[in-house]
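# Breakdown of the fold
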Amino acid sequence: MEIRQTRPDPARRIAGSGRRHSATREMLLRMVEAQSVPVSTAALTAASGLHENTVRGHLEQLRADGYLRREREVSTGRGRPAWLWRAVNPEPVNAYAGLASALADTLARSGVDPVARARDAGRAWGAELAAARARDGRPAREEVVDVMREQGFAPTDAADVVLLRRCPLIEAAARHPDIVCAVHQGMIDGILRARGSDEQSTLVPFTAPGVCTLHLRAAG
């Protein structure tokens, strides 16, 4: 039987050893690169579904190889502050990310049904995004995928679901997952409604390491 050799993914960067990153290490690097603010080990652990020691080991090696730098979190009480991670060469990040993170923190402190308010804010935002785009007759689903791509989610349309392979708000999502996901769920609903679509959307966070799943289906 012929044994085929698999070639390494050329998109993976090179480690200090000269070998290409494993898929896991490259995934964590891309997660950090997509953030508008420094991100904690705990947030990356929650988003990736990996063990914290595994995540920490990859981050330390990425720092040793020059891909990441770290800084101490501002102390808010007793105990040593956590390390925060930042990419040496971050990807361009949509300006909305920092604002959405601040919004999530504000809503979480409001105490008045923050999830519902987050969803309403997302719907208004989605409607504004749709209004700013040209109506070219494409299906609303395609427009949702385009917007998610522009906002930094790296979507892949897999016919039955849309896989969001990157989250630009990992730190905020780790602190307030219900609120952050409600904003994004509302944004999607706002785009669909603005385009007159009756499709129903369901956003399921972290269905696989570093991946959220968006279900879009016809009503009824």
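Here, the structure is the one placed above.
These lines cover the structure that appears in this document, whether it is placed above or below. Because the structure is a prediction, the values reported are computed rather than measured.

To continue, consider the state of the cysteines. By definition, a disulfide links two cysteine residues through a covalent bond between their sulfur atoms. With the rule as written, the count across this model stands at 0 disulfides. Cysteine Cys-167 is unpaired, with the sulfur of Cys-212 as its nearest cysteine sulfur at 6.0 Å. Unpaired in terms of disulfides, Cys-181 finds its nearest cysteine sulfur in Cys-212, a separation of 5.9 Å.

Time to look at the side chain of His-58. With respect to the helices, strands and loops of the structure, His-58 is situated in helix H3 (residues 52–64). Judged by its relative accessible area of 13%, His-58 falls in the buried class. Once residues lying within four places of it in the same chain are set aside, the contact partners of His-58 are Ser-22, Thr-24, Arg-25 and Leu-28.

Okay, helix H6 (residues 140–150) next. Along H6, 8 of the 11 residues are buried, which leaves the element largely enclosed by surrounding structure. Looking only at H6, the buried set comprises Ala-140, Arg-141, Glu-143, Val-144, Val-145, Asp-146, Val-147 and Met-148. If you follow the buried residues of H6, they end up packed against helix H5 (114–131), strand S4 (155–157), strand S5 (161–164), helix H8 (177–194) and strand S7 (211–217).

What follows covers the environment of Phe-153. For Phe-153, the position within the fold is in the loop between H6 and S4. The buried category is assigned to Phe-153, whose relative accessible area is 4%. Sequence separation between Phe-153 and Cys-167 is 14 residues; the distance between their C-alpha atoms is 5.4 Å.

On to the sheet that holds strand S6 (residues 200–208). Strand order in the open sheet formed by 4 strands is S4-S5-S7-S6, and the pairing between neighbours is antiparallel. Only two strands of the sheet have a single neighbouring strand rather than two, namely S4 and S6. Each strand axis lies, on average, 20° off the axis of its neighbour in the sheet, ignoring direction. Examined bridge by bridge, S4 and S5 share 3 bridges and lie antiparallel to one another. Bridging across to S5, Thr-156 finds its partner in Leu-163. With respect to the sheet, H6 is in contact with S4, S5 and S7, its orientation differing from that of S4 by roughly 155°.

Rules of the game
- Residues numbered from 1 in each chain as written.
- Predicted model: local features only at pLDDT ≥ 70, side-chain atom pairs only at ≥ 80, totals over all residues.
- Heavy atoms only, no water.
- Disulfide = S-S within 2.5 Å.
- Helix = DSSP H or I, 4+ residues; strand = E, 2+ residues; numbered from the N terminus.
- Buried < 20%, exposed > 50% of the residue type's maximum accessible area, 1.4 Å probe, protein only.
- Contact = heavy atoms within 4.5 Å.
- Pairing = 2+ DSSP bridges.
- Axes fitted to C-alpha atoms, helices over the stretch in contact; angles between N-to-C directions.

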